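Read off the chains here:
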Amino acid sequence: MEKLANPQKTIEMIQKNHFNFQKRYGQNFLIDAHVLEKIIAAAGITKKDFVLEIGPGIGTMTQYLAEAAREVTAVEIDRNLIPILEETLAEYGNVTVIHQDILKVDIAALVKEKNGGQPIKVVGNLPYYITTPIVMGLLESAVPVESITVMVQKEVALRMQAGPGTRDYGALSLAVQYYAEPYLAANVPPNCFIPRPGVGSAVIRLTRRQEPAVTVRDEKLMFSLIRASFGQRRKTLANGLKNSPELHFSKEQIAAALAGIGLAGNVRGETLTLSQFAALSDALGG
Ligand code: SAM
């Protein structure tokens, strides 16, 4: 079958099947072969790989993944896309489509069954309404994942890879960078999709680290501190921590911890590195 990655073929498929786009599922289908090639290259897919694709749509990216990988499992929530996928992927013997909500899939069991428990590669043009739960769910869980290469809202990609002191730096940057090394592979304009999204997009690859980027005694406390310090961006870190309903440290405890790790009492959270948040957490956590 001719590849789907062009506007004519995509429109033909959609019309033939009387498919209606569902806004609530974040459906924006890729129609640009060049972008698809970039995604496959950024993900570094080889014939040894088992790939989990999130949200195959009509199968445009799945066709490329099937050609590059050993095996692909694609998870799609919209039942109306399942018969279309059967047709567009009929030629590929190495693809399995699962009709499910990705957030409900037991990915650890899938990795065990399909890849002998060895790390997999995750790829997808993500539904933007659930980017963070998908990405953070994969990173925080013990599921063996080597890398996650995904199309996300451009602004989210910038936040994932931002460093201290920049406008885009925040809790998401620190959470992602604790577990993974981000690499921004491409910016993708709205005209590469049908229908066109209202925002710019970008492809980001997150390569999971063997060990988290920093050592910290109480991971949960560190992330509470991070959330509290970015929850009130305009305030000093000390005030952000003091006002957080999640935390119960006194003004004196916070001042002592900051001084103990060599930070000024009026420092802002957005200037701290991940190592400094870890040190602060250890200082406060005792
Ligand atoms: N991969 C296709 C492409 O690039 O043309 C479609 C990408 S589209 C941005 C997102 C896809 O994810 C849609 O097909 C949508 O139905 C599906 N989707 C949305 N929410 C989902 C969920 N919770 N679980 C699995 N798939 C989901």
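Below is a short write-up of the structure. What you are looking at is a predicted structure, and each value in this text was computed from that prediction instead of being measured.

## As for the side chain of glutamate 53
Argument step 1. Here glutamate 53 shows up in strand β2 (residues 50-54).
Argument step 2. Despite its burial, glutamate 53 remains without a salt bridge, the nearest opposite charge being carried by lysine 3 at 13 Å.
Argument step 3. What glutamate 53 contacts, discounting residues up to four positions off in sequence, is Met61, Thr62, Leu65, Val72, Thr73, Ala74, Val75 and Val123.

## Details of the environment of phenylalanine 21
Argument step 1. Considering the arrangement of structural elements, one finds phenylalanine 21 in the loop between α1 (7-16) and β1 (29-30).
Argument step 2. On the basis of relative accessible area, phenylalanine 21 is assigned to the partly exposed category, the value being 32%.
Argument step 3. Spatially, the C-alpha atom of phenylalanine 21 lies 9.9 Å from that of aspartate 78, the residues being 57 residues apart in sequence.
Argument step 4. When near neighbours in sequence (up to four residues on either side) are disregarded, phenylalanine 21 contacts Ile14, Gln27, Phe29, Ile194 and Pro195.

## A word on the site of the ligand
Argument step 1. Within the structure, the ligand sits among 23 residues, and Leu30, Gly55, Glu76, Asp101 and Asn125 are positioned closest to it.
Argument step 2. Contacts to the ligand include leucine 30, whose backbone N or O atom sits 2.8 Å from an oxygen atom.
Argument step 3. Contacts to the ligand include aspartate 101, whose side-chain N or O atom sits 2.9 Å from a nitrogen atom.
Argument step 4. For the ligand, the accessible surface in isolation is 590 Å², of which the surrounding protein chains cover 99%.
Argument step 5. With respect to the pocket detection grid, the ligand is positioned in the largest cavity.
Argument step 6. Every element with two or more residues in the shell around the ligand is listed here: β1 and β3 (71-76).
Argument step 7. When the residues that make up the shell around the ligand are grouped by side-chain class, the tally is twelve nonpolar, seven polar and four charged.

The rules behind each value
- Residues numbered from 1 in each chain as written.
- Predicted model: local features only at pLDDT ≥ 70, side-chain atom pairs only at ≥ 80, totals over all residues.
- Heavy atoms only, no water.
- Helix = DSSP H or I, 4+ residues; strand = E, 2+ residues; numbered from the N terminus.
- Buried < 20%, exposed > 50% of the residue type's maximum accessible area, 1.4 Å probe, protein only.
- Lys, Arg positive; Asp, Glu negative; His and termini not counted.
- Salt bridge = Lys/Arg side-chain N within 4 Å of Asp/Glu carboxyl O.
- Contact = heavy atoms within 4.5 Å.
- Near = heavy atom within 4 Å.
- Polar contact = N/O pair within 3.5 Å; in protein donor to acceptor, adjacent residues only side chain to side chain.
- Areas by Shrake-Rupley, 256 points an atom, 1.4 Å probe, with all protein chains shown as cover.
- 1 Å grid on protein atoms, 1.4 Å probe; cavity = no way out; pocket = protein on both sides within 12 Å on 5 of 7 lines; lining within 4 Å.
- Sits in = over half its atoms within 2 Å of the grid points.
- Nonpolar A, V, L, I, M, F, W, Y, C, P; charged D, E, K, R; others polar.

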